[in-house]
Amino acid sequence: MRPADELRDAVPRPVWWDGVQTGPRSEPLTGRQRADLVIVGGGYTGLWSAIEALTEHPDRRVVLLEQDWIGAGASGRNGGFVSESLTHGIAHGEAMWPDELDELQRLGRQNVEQIAELLQRHDVDADLRRCGKTTLARTAHDADALRAAVATYTRRGEDVRFLDRDEVRADLHSPAFVGGLRISGGGLVDPMALTHGLRSIAEKLGAAVFERSAATGIERSGAGLTVHGTHGRVDTAQVVLASNAYPPLLRRLRAWVLPVYDYVLATAPLTADQLESIGWAQNQGLTDAGNQFHYFRRTRDDRIVWGGYDAIYHFGNAVHSKLEQRDASHRVLAQHFRQTFPQLGSLPFTHRWGGVIDTTSRFTPIFGTAYDGRLAYAVGFTGLGVASTRFGAQVALDLLAGRLTERTRLKAVTGTAVPFPPEPLRWTAVQLTRAALAREDETGTRGVLLRILDRFGVGFNS
Ligand SMILES: Cc1cc2nc3c(=O)[nH]c(=O)nc-3n(C[C@H](O)[C@H](O)[C@H](O)COP(=O)(O)OP(=O)(O)OC[C@H]3O[C@@H](n4cnc5c(N)ncnc54)[C@H](O)[C@@H]3O)c2cc1C
């Protein structure tokens with residue numbers, strides 16, 4: 001069977017949307033409203049901003065504007081890997097902020113702990129499982145790198161264990177892997193259930209949510225700001241911009257954030273025999289170790305969600321719903337899945353989708369203010385925002401309040417990313433970097449271009 005044929009029956013939407021309410025549930029913004037805080041963007045960053053702001057000041061009037069519906073963006077379509085890292089992994093943190101990495105690790109662990117507590121307190125069933133993950137090596141050079149990484153993880157307080165070829169295959173029955181690193185921190189969540197849960201908490205606390213309500217512009221008005229929409233506007237004291245990789249209302253963000261598309265497949269539920277044939281008894285999250293990595297995990301009903309590998313940038317920072325389907329990327333994913341799990345034969349793919357990732361050149365979000373401190377932004381989570389968006393929302397609120405905290409003192413927060421060049425250089429630079437990363441995956445050798453970029457703390461990743 002050709003891969004193109006086997007994808008024919010896959011529905012073009014995230015598997016996480018099955019059996020749950022999708023689409024807008026609230027009215028669009030009309031007329032003129034007043035608020036203390038307007039949040040632009042109704043993904044995790046915006047929802048956490050609402051929850052944190054209202055927890056701190058329950059009397060605040062908080063208005064959240066979402067151009068589509070809550071969950072339509074990355075937050076309703078991601079892999080659901082819950083990472084404790086605020087630095088896009090320990091190795092990257094070690095390279096970028098070695099002096100404050102212990103502090104970042106502590107804050108990252110505390111962040112996940114507090115997310116779990118909040119979900120429990122509000123009775124949100126988002127299938128959060130603190131099961132950790134295993135990073136898998138497909139090549140001997142990746143296995144060597146994982147073995148060498150144990151010392152760094154351990155020094156930074158992480159509980160990890162290197163798995164040799166036999167140990168990896170005893171856990172996951174696949175001929176594709178020759179080593180692994182079992183990491184106990186973090187876990188998995190149902191991303192759409194998390195989005196629904198956060199929305200319900202935000203609304204319970206008093207947030208006014210408006211869907212189908214794009215913010216189209218921001219201007220000063222008196223001592224505050226006015227956020228304009230298509231059919232209404234809000235006068236407000238403060239704004240949080242939580243708009244991910246979508247065209248930003250603040251021009252400067254275009255230089256720092258690159259929209260990169262990531263693609264995903266989901267299979268039909270596995271039978272008991274099929275599950276037994278692949279092992280995976282710990283049901284943890286799995287990724288492979290390369291630059292172009294796959295991530296995979298099981299759903300509540302034992303489908304396999306299989307995503308990653310390609311990271312596709314479209315000329316001119318293009319973001320559009322039609323880019324959420326890409327035959328070439330979905331076919332490559334299907335082919336790699338068959339190679340990884342030959343024993344599953346022609347297990348059907350039932351869902352195919354994609355989503356946009358807000359990538360920065362330093363792989364971690366950027367924070368800052370505009371309009372004399374009345375607007376704060378937190379964007380650029382670079383494919384690792386399921387948990388860290390809560391930290392990002394807290395930073396944005398710290399900045400609006402003008403307070404120095406353990407968060408806003410960090411260089412990882414105050415520093416900025418190297419800007420991406422304007423087009424057409426931007427597109428060319430991305431293609432050259434992608435090719436260099438693919439070469440490194442094959443050869444295990446970091447080429448000249450990547451070594452130069454490393455020196456400036458610059459990369460390209462999903
Ligand atoms: C396919 C995929 C897999 C991923 N897997 C993982 C993973 O396993 N683990 C992990 O940690 N991270 C993962 N991520 C990243 C993670 O999903 C994001 O970092 C996180 O969801 C970002 O949340 P957000 O609120 O900033 O963005 P979003 O969820 O995209 O929310 C931003 C919202 O802003 C709205 N918006 C934009 N502009 C405006 C405007 N002008 N007016 C009104 N609304 C506006 C958008 O419509 C959107 O709903 C993945 C991402 C994708 C796409």
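Let me sum up the structure you'll find in this document. Source: prediction; values computed, not measured. (Residues numbered from 1 in each chain as written. Predicted model: local features only at pLDDT ≥ 70, side-chain atom pairs only at ≥ 80, totals over all residues.)

**Quick word on the environment of Ala72**
Stage number 1. Within the secondary structure layout, Ala72 lies in the loop between β2 (62-65) and β3 (81-82).
Stage number 2. Given 21 C-beta atoms within a 10 Å radius, Ala72 is considered buried.
Stage number 3. On a C-alpha basis, the gap between Ala72 and Gly43 in space is 8.0 Å, while along the polypeptide they are 29 residues apart. (Helix = DSSP H or I, 4+ residues; strand = E, 2+ residues; numbered from the N terminus. Buried ≥ 20, exposed ≤ 12 C-beta atoms within 10 Å, placed from the backbone.)

**Describing the site of the ligand**
Stage number 1. Near the ligand you find 41 residues, and of these Gly43, Gly73, Gly79, Gly355 and Gly385 are the closest.
Stage number 2. Sorting the residues of the shell around the ligand by element identifies α2 (44-56), β12 (258-267) and β17 (349-359) as the ones contributing at least two each.
Stage number 3. Residues that form the shell around the ligand fall into these classes: 18 nonpolar, 19 polar and four charged. (Near = placed C-beta within 6 Å. Nonpolar A, V, L, I, M, F, W, Y, C, P; charged D, E, K, R; others polar.)

**Here's the deal with the nonpolar core**
Stage number 1. With 120 residues, the main nonpolar core has Val38, Val40, Ala50, Val62 and Ala396 as its most contacted residues.
Stage number 2. Once residues within four sequence positions are removed from consideration, Ala396 is found in contact with Ser49, Val240, Phe367, Ala376, Tyr377 and Ala378. (Core = buried A, V, L, I, M, F, W, Y, C linked by C-beta atoms within 7 Å. Contact = placed C-beta atoms within 7 Å.)

**Regarding helix α13 (residues 425-443)**
Stage number 1. With 19 residues, α13 extends 27 Å between its outermost C-alpha atoms, agreeing within 8% with the 27 Å of an ideal straight helix rising 1.5 Å per residue.
Stage number 2. Of all the residues in α13, the buried ones are Ala429, Val430, Thr433 and Leu437. Summarising the axial view, the buried residues of α13 lie within an arc of 100°, below the 170-degree limit, and thus occupy one face. Projecting away from the buried face of α13 at angles above 90 degrees are the exposed residues Thr428, Gln431, Leu432, Ala435, Glu442 and Thr443.
Stage number 3. Downstream of α13 by a residue or two, Gly444 has a phi angle that is positive, lying close to 80°. (Expected span 1.5 Å × (residues − 1). Arc of directions from axis to C-beta.)

**Remarks on the packing of α2 against helix α7 (residues 191-205)**
Angle between the axes and distance between the axes are the two parameters that describe a pair of packed helices.
Stage number 1. Between α2 and α7, whose axes approach to 9 Å, the crossing angle comes to 30°. Viewed along their axes, α2 and α7 adopt a mutual orientation that is roughly parallel. Crossing handedness for the pair α2 and α7: left-handed. Taking contact as the criterion, the partners of Tyr44, Leu47, Trp48, Ala50, Ile51, Leu54 and Thr55 in α2 are, on α7, Thr195, Leu198, Arg199, Ile201, Ala202 and Leu205.
Stage number 2. A breakdown of the residues in the contact of α2 with α7 according to their chemical character gives 10 nonpolar, two polar and one charged. (Axes fitted to C-alpha atoms, helices over the stretch in contact; angles between N-to-C directions. Parallel < 35°, antiparallel > 145°, perpendicular 65-115°, else oblique. Left-handed = near helix turned anticlockwise from the far one by under 90°.)

**Describing the environment of Val15**
Stage number 1. Secondary-structure assignment places Val15 in the loop between α1 (3-6) and β1 (31-40).
Stage number 2. Overall, Val15 belongs to the buried group, with 23 C-beta atoms counted inside 10 Å.
Stage number 3. Sequence separation between Val15 and Arg352 is 337 residues; the distance between their C-alpha atoms is 8.0 Å.
Stage number 4. Leave out the neighbours within four places in its chain, and Val15 touches Ala266, Thr299, Arg303, Val305 and His351.

Geometric values such as these leave the question of function open.
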